[in-house]
Amino acid sequence: EVITLLTDRAGVLWVGTDRGLVRWHQGVSRRYTTQDGLAGEKLVSLFEDRDGVLWIATRSGLSRLENGRLTSYTTRDGLPHEIVQNVAQAHDGTLWIATNGGLTRLRQGRFSTLTMKDGLASDLVLSVHVDRGGVVWAGTFAGLHRVDANGRITRYSVADGLSHNLVTEIVEDE
């Protein structure tokens, strides 16, 4: 089953499935699985960062594919939960990772996580987006959250005009 698709800047099509990752380019395909170092074979989403590194969100952790080499991260490495929903990148290069255990930052090789203790209404973060102004937005079952440059969290919910508190995708308009 195909879960997600991404075409990278080199024109390579990446297909995230429930049985691993497939690279498709010029009629040739290559499949990546846990045997190749993928964190898990049930993929959730794909993200290409500004350096061309492919980040693979799975139900078993986060993987990074750079120059054909996979590196995977799990709770043993600092992720708060094995299920990773998606990834976004801030202007300073920081990766923001939506997980089932909070909103996680990967900065200079170290993970840190914002949770309900920090002001999120739910630790189950379904989506993350960094807008043009550098503001981080996180969608949860309990509303939309804005994280400013100082780490302050503001929550928006149906009480603020949202049609529903469930926010599964965040897209910035033109």
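The paragraphs below set out a description of the structure included in this document. Each residue is numbered by its place in its chain's sequence as written, counting from 1. Predicted model: local features are reported for residues with pLDDT of at least 70 only, side-chain atom pairs are reported and counted for 80 or more only, and whole-chain, interface and lining totals are derived from all residues. Excluded from the side-chain calculations are hydrogens and water; all other atoms, namely the structure's heavy atoms, are used.

What makes two strands pair is DSSP finding at least two bridges between them. Working definition: helices are DSSP H or I runs of at least four residues, strands are E runs of at least two. Numbering for both runs from the N terminus. Spatially, S5-S6-S7-S8 is the arrangement adopted by the four strands of the open sheet, whose pairing is antiparallel. Two strands in the sheet have a free side with no partner beyond their single neighbour: strand S5 (43-48) and strand S8 (69-73). The average angle at which neighbouring strand axes cross in this sheet is 20 degrees, direction not considered. Bridging between strand S7 (residues 61-66) and S8 involves five bridges; their strand directions are antiparallel. Across the sheet, residue serine 63 finds its bridge partner in S8, namely serine 72. Where helices are involved, their axes are fitted lines through C-alpha atoms of the stretch in contact, as for all axes, and angles between N-to-C directions lie from 0 to 180°.

Turning to the nonpolar core, a few remarks are in order. Formed by 14 residues in total, the largest nonpolar core has its most connected members in Trp96, Leu103, Val128, Val136 and Val147. At the level of elements, strand S10 (95-99), strand S13 (125-130) and strand S14 (136-140) are the ones that each hand at least two residues to this core. Residue contributions to this core peak at three residues, all from S13. Among all residues touching valine 147, those that are not within four sequence positions of it are Trp96, Leu103, Leu114, Val135, Val136, Arg152 and Ile153. Working definition of a nonpolar core: buried Ala, Val, Leu, Ile, Met, Phe, Trp, Tyr and Cys residues. They are joined through side-chain atoms within 4.5 Å. Only protein chains enter the calculation, and the probe is 1.4 Å; a residue is then buried if its accessible area is under 20% of its type maximum, exposed if over 50%, and partly exposed in between. We call two residues in contact when some of their heavy atoms are within 4.5 Å.

As for its placement among the helices and strands, serine 63 is situated in strand S7. Pairs of N or O atoms are called polar contacts if they sit within 3.5 Å, as long as, within protein, a hydrogen donor faces a hydrogen acceptor (for residues adjacent in sequence, only side-chain-to-side-chain pairs). Within polar-contact distance, the side chain of serine 63 engages the backbone nitrogen of alanine 39 at 2.8 Å. Side-chain polar atoms of serine 63 contact the side chain of serine 72, separated by 2.7 Å. With residues near it in sequence (within four places) discarded, serine 63 still touches Gly37, Leu38, Ala39, Leu54, Trp55, Ile56, Leu70, Thr71 and Ser72.

Pairing within the open sheet is antiparallel, and its four strands lie in the order S1-S2-S3-S4. Since the sheet does not close on itself, it has two edges, and those belong to strand S1 (2-7) and strand S4 (28-32), each with one partner. Geometrically, the sheet is characterised by an average inter-axis angle of 20 degrees between neighbouring strands, direction not taken into account. Both strand S3 (residues 20-25) and S4 contribute to a ladder of five bridges, which runs antiparallel. Following the sheet pairing, leucine 21 is matched in S4 by tyrosine 32.

Our focus in this paragraph is the packing of aromatic side chains. The pairing test for Phe, Tyr and Trp rings, Trp by its six-membered ring, is centres within 6.5 Å, and the orientation test on the planes gives stacked under 30 degrees, edge-to-face over 60, and tilted for anything in between. Tallying each qualifying case throughout the model produces four aromatic pairs. Geometrically, the ring pair formed by tryptophan 14 and tyrosine 32 is tilted, given 6.2 Å between the ring centres and 40 degrees between the ring planes. Here tyrosine 32 lies in strand S4 and tryptophan 14 lies in strand S2 (residues 13-17), a separation of 18 residues in the sequence. On the basis of an interplanar angle of 25 degrees and a centroid distance of 6.3 Å, the ring pair of tryptophan 55 and tyrosine 73 is categorised as stacked. Pair noted here: tryptophan 55 is in strand S6 (residues 54-58) and tyrosine 73 is in strand S8, with a separation of 18 residues, a long-range link. Side by side, tryptophan 55 and tyrosine 73 carry an identical accessibility label, which is buried. An aromatic cluster is present here, built from Trp55, Tyr73 and Phe111 joined pairwise through their rings. The criterion for a charge sitting over a ring is simple: Lys NZ or Arg CZ within 6 Å of the ring centre, and within 35 degrees of the ring normal. In this arrangement the basic side chain of arginine 30 is found over the ring face of tyrosine 32, its NZ or CZ atom lying 4.0 Å from the centre.

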